[in-house]
Amino acid sequence: MQPLTVIPVVKDHARISAIGSRSFLLEAPGEFDLPAQRRIWALSQTLKGWTDLAEIIPGMTNLLAIFKKTPDDPAEVIDRLSKAWHGALSIDLAGKTIEIPVHYGGQYATDLPALCDLSGLSDREVIRIHHEATYRVFALGSAPGFGYLHGLDPRIYMPRKTVPSLKMAKGCVTIGGMQTGVAMLTGPNGWNSIGFADLQMFDPQSPTPAMMAPGDIVRFLPARIEL
C-alpha cells in the first residue's frame, strides 16, 4: 500500500446514482480538482473494509462501488455511501515521478492545427504550455495502463471529437477536454493527438504491468519538436 498523508477538507454532499442493480456511482461535488480526488482516494480506502463489495473502481473525482449481490434496499446503500463519504478523511497518495519523452508535432500530431485554431495559440506555444506543466495521475482506466492526468493548462483545453479517429496509434500524446494522456492501444480514439511517446507504459508480463498509478507525478519532456 502506498503511504498516505491526511489532509483536512470541508465536508459536503456527493451525488450517488444506481447503475444497474448492483452498482452505485458516487460523484464528488465541486470542482474537478485535486482536493476532490483526494476525497475519492480516501473513500476507496474506507470501502475496502466493506465485505459485501465485489469491486471498488475509483475514477476521475468519482467512484463506482459494485456489490456482490443486488441489495435488498438500494436507499440503504445510498445512505451508507453518503455516510462513508462524509466520514472519509482526505488523503494524498505518495506516488513516484514519471518522465515521458515526447516527439511533439510530426506525423502523429494530427490534431495540433485544430488545437491552435481553437486556442488562438501557435503550435510552439501549445507544445511549450503542454510540456511545462506538471501532471498528477488521478485514476487508471479506459484501456490497460491508461492514466487520467490532471494539470492541463486551461489555455489548451480541447473538446473530445464528436467523430473519433478510427485508428489512432498507440503512444499518441493526446488532449481530451480538461485532461491529457498517452494512448495505450491502437484503435478508435476521440482525444486529440499532438505528439508521440515511444515508451513502454504497460507490460502484461511485469509484476506491476502499469507504469502509472494513482498519485504519481507525470512530466512530458520535449525529446523532439517537428513543426
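Every chain is numbered on its own, with residues counted from 1 as its sequence reads. In keeping with the predicted nature of the model, local features appear solely for residues at pLDDT of at least 70, side-chain atom pairs appear and are counted solely at 80 or more, and the whole-chain, interface and lining totals rest on all residues. Side-chain measures here rest on the full set of heavy atoms in the structure, leaving out hydrogens and waters.

Participant: Sorry if this is basic, but what is going on with the confidence of the model for the protein chain here?
Facilitator: Parts of the prediction with low pLDDT should not have their coordinates interpreted in detail. Values of pLDDT, ranging from 0 to 100, describe the predictor's confidence in every residue of the model. Model confidence for the protein chain is summarised by a mean pLDDT of 92, while 95% of its residues fall at 70 or above. Note that pLDDT drops below 50 for residues 1-10; the model gives that stretch 25 contacts with residues more than four away or on any other chain. It only takes one pair of heavy atoms within 4.5 Å for two residues to be counted as in contact.

Participant: What exactly am I supposed to notice about helix α4 (residues 123-132) here?
Facilitator: Structural remark: α-helix, 3.6 residues per turn; residues separated by three or four positions point the same way. Relative accessibility thresholds used throughout: buried, under 20% of the residue-type maximum; exposed, over 50%; partly exposed, between the two (1.4 Å probe, protein chains only). Helix numbers and strand numbers start at the N terminus; a helix is a DSSP run of H or I with at least 4 residues, a strand a run of E with at least 2. Looking at α4, one finds that the buried residues are V126, I127, I129 and H130. The arc that holds every buried residue of α4, seen down its axis, measures 165 degrees, which confines them to one face. Residues of α4 that are exposed and angled more than 90 degrees away from the buried face: R124 and E132. What the arc describes is the spread of directions from the helix axis to the C-beta atoms.

Participant: Would you explain the pairing of strand β7 (residues 97-105) in this entry?
Facilitator: Regular strands place side chains that alternate from one sheet face to the opposite one. Pairing between two strands is assigned when DSSP locates at least 2 bridges connecting them. Sheet analysis places β7 next to strand β15 (residues 217-226), joined by nine bridges and oriented parallel. By the bridge assignment for β15, P101 is matched with L221. Two elements, β7 and strand β14 (residues 192-196), share two bridges in a ladder whose sense is antiparallel. Bridging from a neighbouring strand, Y104 pairs with G195 of β14.

Participant: Would you mind going over the sheet that holds strand β4 (residues 53-58) with me for this structure?
Facilitator: In a beta sheet, neighbouring strands are held together by backbone hydrogen bonds and run either parallel or antiparallel to one another. Spatial ordering of the open sheet is given by β2-β3-β5-β4, a layout of four strands whose pairing is antiparallel. Since the sheet does not close on itself, it has two edges, and those belong to β2 (15-19) and β4, each with one partner. In this sheet, adjacent strand axes meet at a mean angle of 20 degrees when their direction is disregarded. Strands β3 (23-27), β4 and β5 (62-67) of the sheet are contacted by helix α1 (residues 34-47), whose axis makes an angle of about 15 degrees with β5. Each axis is a line fitted through C-alpha atoms, taken for helices only over the stretch in contact, and angles between the N-to-C directions span 0 to 180 degrees. Along the sheet, helix α2 (residues 74-87) contacts β2, β3 and β5; its crossing angle with β3, the most-contacted strand, is approximately 35 degrees.

Participant: How do you make sense of unusual backbone geometry when you look at a structure like this?
Facilitator: Most peptide bonds adopt trans geometry, and most residues besides glycine take a negative phi value. Located in the positive-phi region is T61, a residue other than glycine, with phi close to 50 degrees. Within the secondary structure, T61 is located in the loop between β4 and β5. Judged by its relative accessible area of 11%, T61 is buried.

Participant: Quick question: what am I supposed to make of the side chain of R39 here?
Facilitator: As for its placement among the helices and strands, R39 is situated in helix α1. What makes R39 buried here is its relative accessible area of 3%. For this analysis, a polar contact is any N or O atom pair within 3.5 Å, provided that within protein one partner can donate a hydrogen and the other can accept it, and provided that sequence-adjacent residues contribute only side-chain to side-chain pairs. At 2.9 Å, the side chain of R39 and the backbone oxygen of W85 are in polar contact.

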